[in-house]
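Each chain, written out:
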Amino acid sequence: MAENPLLTEWTTPFGAPPFAAIAPEHFRPAFDAGLAEHNREIATIAGDERAATFANTVEALEMSGATLRKVSAVFFNLNGANTSDALEQIERDVAPILANHQSAVYLNEPLFKRVDALKAQAATLALSDEQRRVLDELHLAFIRHGAALSSEKKKRLREIAERLAVLGTQFGQNVLADERAYALVLEGDTDLAGLSDAQLDAAAKAAAERGLAGKRAITLSRSSIEPFLQYSSRRDLREAAFKAWLARGENGGASDNRAIIAETVRLRVERARLLGYETYAAFRLEDSMAKTPEAALDLLN
């Protein structure tokens, strides 16, 4: 078998991924290798018989998972910028696996005990401001993932995290499907009013890609619809395109997101309450600048 470029050292300028050498079939073996490596590293840190120190616990955790981060960064950037049916299938496959892996790390009891012990001793550890901040954030991440909860609640949190990963992936792919399916065909010179030569060229290319050679089309990709909404002189066409943009994932059929949104909301509320928060907004904002939903609303009002 040829060497997997995702698992080799890159000698490209600035260490950029060698995209020309990377094929969809490289990703799943690379994810599996990264997950296995990270699991071994986590087991070593959690099973260390020495007393926890910043170096053997916090720094070790920060440095772990390098291969998994590398593969994930390439995959999700590529999938977001230039996806394909093959990449979308990989995303559907790995999303729940990655969510379950993250839960396994944060719900690892021996690992949390080491982090929790360091947090309790923080005042006596002579940590720098940066180290103290890293420890605080790491401890908070464990708490917010349920590390201090009962076994029953941890099990439910893992189930919720895995299901939310599946739903989030499907939601994004449904939106993308509706974006791909839509095209506003521009007919005649009056439909083109206000558009620059560059925008007309882009619209011609979009039409050709949809089998409409010789015509011009506006799609729901940002590079197409946003300039159209800004510069087109046709208010009625701008309205039609904008309504299509707003309706992504709400058109019925296989790509309709309404049931996904309803289930996502229910699961987010359940997760927040398992973690001791009244609402998902309270959970989501706790470690942000706003801190509370009330503060966010005060700013908006």
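Residues numbered from 1 in each chain as written. Predicted model: local features only at pLDDT ≥ 70, side-chain atom pairs only at ≥ 80, totals over all residues. Heavy atoms only, no water.

**Here we look at the nonpolar core**
Core analysis: the largest hydrophobic core is formed by 20 residues, its most contacted members being Val58, Leu61, Leu111, Val115, Leu135, Leu138 and Phe142. If you list the elements that add at least two residues to this core, you get helix H1 (27–46), helix H2 (54–63), helix H4 (85–106), helix H5 (109–120) and helix H6 (129–144). Each residue touching leucine 61, except ones within four places of it in the same chain, is listed here: Ile42, Ile45, Leu111, Val115, Leu138 and Phe142. (Core = buried A, V, L, I, M, F, W, Y, C linked by side-chain atoms within 4.5 Å. Buried < 20%, exposed > 50% of the residue type's maximum accessible area, 1.4 Å probe, protein only. Helix = DSSP H or I, 4+ residues; strand = E, 2+ residues; numbered from the N terminus. Contact = heavy atoms within 4.5 Å.)

**Quick word on unusual backbone geometry**
With phi around 60°, phenylalanine 14 is a residue other than glycine that occupies positive phi space. Given a relative accessible area of 90%, phenylalanine 14 falls into the exposed group. Of note, the phi angle at alanine 126 is positive, near 55°, even though the residue is not glycine. Within the fold, alanine 126 resides in the loop between H5 and H6.

**Things to note about a nonpolar patch on the surface**
On the surface, Phe171, Ile261 and Val265 cluster together into a nonpolar patch covering about 240 Å² of accessible area. As for its placement among the helices and strands, isoleucine 261 is situated in helix H12 (residues 258–274). (Patch = residues over 30% accessible without salt bridge, like charges linked within 9 Å, V, L, I, M, F, W, Y side chains within 5 Å. Areas by Shrake-Rupley, 256 points an atom, 1.4 Å probe, with all protein chains shown as cover. Salt bridge = Lys/Arg side-chain N within 4 Å of Asp/Glu carboxyl O.)

**What to know about the packing of aromatic side chains**
This model, assessed by the stated rule, comprises seven aromatic pairs. Following the ring pairs from residue to residue traces out a cluster consisting of Phe27, Phe31, Phe75 and Phe76. The ring of phenylalanine 283 is capped by arginine 144, whose NZ or CZ atom sits 4.0 Å from the centre of that ring. (Phe/Tyr/Trp six-rings, centres within 6.5 Å; stacked < 30°, edge-to-face > 60°. Lys NZ or Arg CZ within 6 Å of the ring centre and 35° of its normal.)

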